[in-house]
Amino acid sequence: MNRKSLFGALFTVYLLFVLYPILRADRYCNDDLMRVLWGPYIWVDNGRPLSALLMRALEFNATQLVDISPLPQIAAIAILAWLGVLIAEHYAIRSLSLAVMVTLPLGAQPFFLENLSYRFDALPMALSLLFALLPITAPNPNRRWWLGSLSLFACLCFYQPAINAFLVFVCLDIAVAQIHGVHPRELLIRLLSRGAQLGLAMAVYQLTVAPFIIGWVKAHSLMIHSPQQLSIVRTNVSMFYGYLFDAFDTSWLHIFAPLAVLALLIPVVIGVRYALSARHEHPLLLTAALLLGSGLLPLAAMLCVAGPMLLTLELLVVPRVLVGIGALLSAALIAMGVALHTWRASPRWSIGIAGIWTLGMLVFANVYGNALGSQKQFEDRIGAGLVDDLAQAKAAYGLHRLLLDGTNGLSPVAAHALRHRPGRHSLADRFQPYCRATVGASLQTACAAYPQQLRTTRGRRYRGGDFSSRSPAGMYIDDASDSLNPPHCRAHARSSGPIKRLRCARRAR
């Protein structure tokens, strides 16, 4: 298969059906708005030094970041398209259409749409996925062991959750090796080699990068360290996979749940055939172990989607960290395609099932983009109204600095999409921007999103505190001219939805 043709096909699909709806919406996410307003290179504090280095290079070492989108996002889909080429070559997928469909989930799955929405982070996150899979998909990966470990270290330095994609593809490599009849001893050697690569990369990362992590990332990176905390793992498993299950609408589950079960059963069939094919050559105990492994492999792949996150004391489950979902879906489709080709079955089954998944992902990508655009217009109208209301409050009551605290709520289009489409957490997390900011004479950013810092009229910055107590009922306006006193100028409380007008009372003297 021609490399250029596959790259061109993947890049075109990513550009027209995945990225274009996001670019058309033109809505800043919370982190991007903070970087656009003040331009800090804070990736080092999050344990992502290569992300900071890359963005400094793209900004020509400017002292502060400026918005250069959509360049990073277009570069990100180019990276994903090239990764698809490497995967198709490694697993000898000859059909162009099948190669596109089985590799597209890496970047088109519903949860990764948030990653592609980031104007600054999209490229580092795509590179992290590339480096996570290079140890497996690069030509002659077994002869470049040290480079593979270095690639995994680079993955961690770009975006840590992408390491879960490597774990998923290790499971895929075992399944494909079983299809090709590799000896069990060789399977064990490969598995130990991959484990050693990952162990070395994580050890170096812990010694050189992890000590400099601060803030909320450090709080969510703490691991369990005693047997008494093993119950936390059970809680994390329940929370993580409950989050995934709840993300899909019931009508979509009726369609895709059977396909997901079928995809997970393929490795079981592969493992059983592999164990029974050489049962006369292997000891009975080894055959029994291989049969047991055939049932555990899909479970292991499911656990690899979360990876080390399941061992954290405070699990953080948001769409952007679910990079392993795309890897799991892609791995399942590849395993099915390779197995059916080896067993001389018709490729129409692989193409048909992969086509259903592809259509579902592309439909959701456009729903996501349209809802983004609707939410942006909704927030702009709220912001414009707040600017007028706050200006009147300033003139009437002599307020000089105001504290905005609350959420914008959802536009009707976004709310409808949230109820009736899969990946609802992707929508909810992107469309519930939390607003806590001090604003003065310049109120253009009033509740447009939730940056942790906004400049006040006096030139200082108010650093947000605890953002865990979000109130969806509306927003309140607080006079912060002296200190953070109890609110005396409060928006009219509503049972749901954002505020439309301010009802303020003069401060008691």
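Look up: the structure comes first, before these words.
First things first, this report covers the structure right here in the doc. (Residues numbered from 1 in each chain as written. Predicted model: local features only at pLDDT ≥ 70, side-chain atom pairs only at ≥ 80, totals over all residues. Heavy atoms only, no water.)

**Overview of the overall build of the chain**
Short version of the rule: Think of it this way: any DSSP run of H or I at least four residues long counts as a helix, any run of E at least two long counts as a strand, and we number them from the N terminus. Only protein chains enter the accessibility calculation, which uses a 1.4 Å probe; a residue whose area is less than 20% of its type maximum is buried, one above 50% is exposed, and one in between is partly exposed. Accessibility throughout is a Shrake-Rupley quantity obtained with a 1.4 Å probe, and a residue counts as covered only by protein chains that appear here.
Along the backbone of the chain there are 19 helices and five strands. In the chain, which comprises 509 residues, the share counted as buried stands at 53%. Accessible surface, the chain: about 23,100 Å² in total, of which carbon and sulfur atoms supply 64%.

**Observations regarding the pattern of salt bridges**
Quick reminder of the rule: Here, a salt bridge means any Lys or Arg side-chain nitrogen found within 4 Å of an Asp or Glu carboxyl oxygen.
Overall, the coordinates contain ten salt bridges when judged by the stated rule. For Asp26, the salt bridge identified is with Arg119, shortest N-O distance 2.7 Å. Taken together, the residues span a long stretch of sequence, with Asp26 in the loop between helix 1 (3-25) and helix 2 (30-38) and Arg119 in the loop between helix 7 (112-117) and helix 8 (122-137) at a distance of 93 residues. A relative accessible area of 39% means that Asp26 is categorised as partly exposed. With a relative accessible area of 7%, Arg119 lands in the buried category. The salt bridge partner of Arg119 is Asp67, with a shortest N-O separation of 3.3 Å. With Arg119 in the loop between helix 7 and helix 8 and Asp67 in the loop between helix 3 (49-58) and helix 4 (71-90), this residue pair connects regions lying 52 residues apart in the sequence. Residues joined by salt bridges that share partners form a network here, namely Asp26, Asp67 and Arg119.

**So, the environment of Ile270**
Our working definition: It only takes one pair of heavy atoms within 4.5 Å for two residues to be counted as in contact.
With respect to the helices and strands, Ile270 occurs in helix 14 (residues 250-277). Classification of Ile270 by relative accessible area gives buried; the value is 2%. As for Ile270 and Ser294, which are separated by 24 residues in sequence, their C-alpha atoms are 7.4 Å apart. In this structure, Ile270 is in contact with Ala175, Gln178, Ile179, Ala335, Ala339 and Trp343, ignoring residues within four places of it in sequence.

**Here we look at helix 1**
Stated formally: Here, expected helix span is obtained from the residue count minus one, scaled by 1.5 Å. The term polar contact refers here to a pair of N or O atoms within 3.5 Å; inside protein, the definition further demands a hydrogen-donor-capable atom paired with an acceptor-capable atom, and it admits residues adjacent in sequence only when both atoms are side-chain atoms.
Helix length check: helix 1, at 23 residues, gives a terminal C-alpha distance of 32 Å against a target of 33 Å (1.5 Å per residue), a fit within 8%. Those residues of helix 1 that fall on the buried side of the exposure criterion are Leu6, Leu10, Val13, Tyr14, Val18, Leu19, Pro21, Ile22 and Ala25. On the buried face of helix 1, the contacting elements are helix 4, helix 5 (96-103), helix 6 (105-108), helix 7 and helix 17 (348-397). A side-chain oxygen of the first residue of helix 1 lies 2.7 Å from the backbone nitrogen of Lys4; this N-cap is Asn2. Directly after helix 1, the chain includes Asp26, whose backbone phi takes a positive value near 55°.

**With respect to the packing of aromatic side chains**
Put simply, the rule is: Here a Phe, Tyr or Trp ring, Trp counted by its six-membered ring, pairs with any other such ring whose centre lies within 6.5 Å, and the pair is stacked when the planes are under 30 degrees apart, edge-to-face when over 60, and tilted otherwise. In our convention, an over-ring charge means Lys NZ or Arg CZ found within 6 Å of a ring centre and within 35 degrees of that ring's normal.
Applying the stated criterion to the full structure yields eight aromatic pairs. With a centroid separation of 6.4 Å and 50° between ring planes, the pair formed by Tyr91 and Phe169 is classed as tilted. Taken together, the residues span a long stretch of sequence, with Tyr91 in the loop between helix 4 and helix 5 and Phe169 in helix 10 (residues 163-179) at a distance of 78 residues. For the pair Tyr91 and Phe169, a shared accessibility class is recorded, and that class is buried. Arranged with centres 4.9 Å apart and planes meeting at 75°, the rings of Phe240 and Tyr241 form a pair that is edge-to-face. Here Tyr241 falls in the buried class, since its relative accessible area comes to 17%. Seen from the ring of Trp343, Arg273 lies directly overhead, with NZ or CZ sitting 4.3 Å from the centre.

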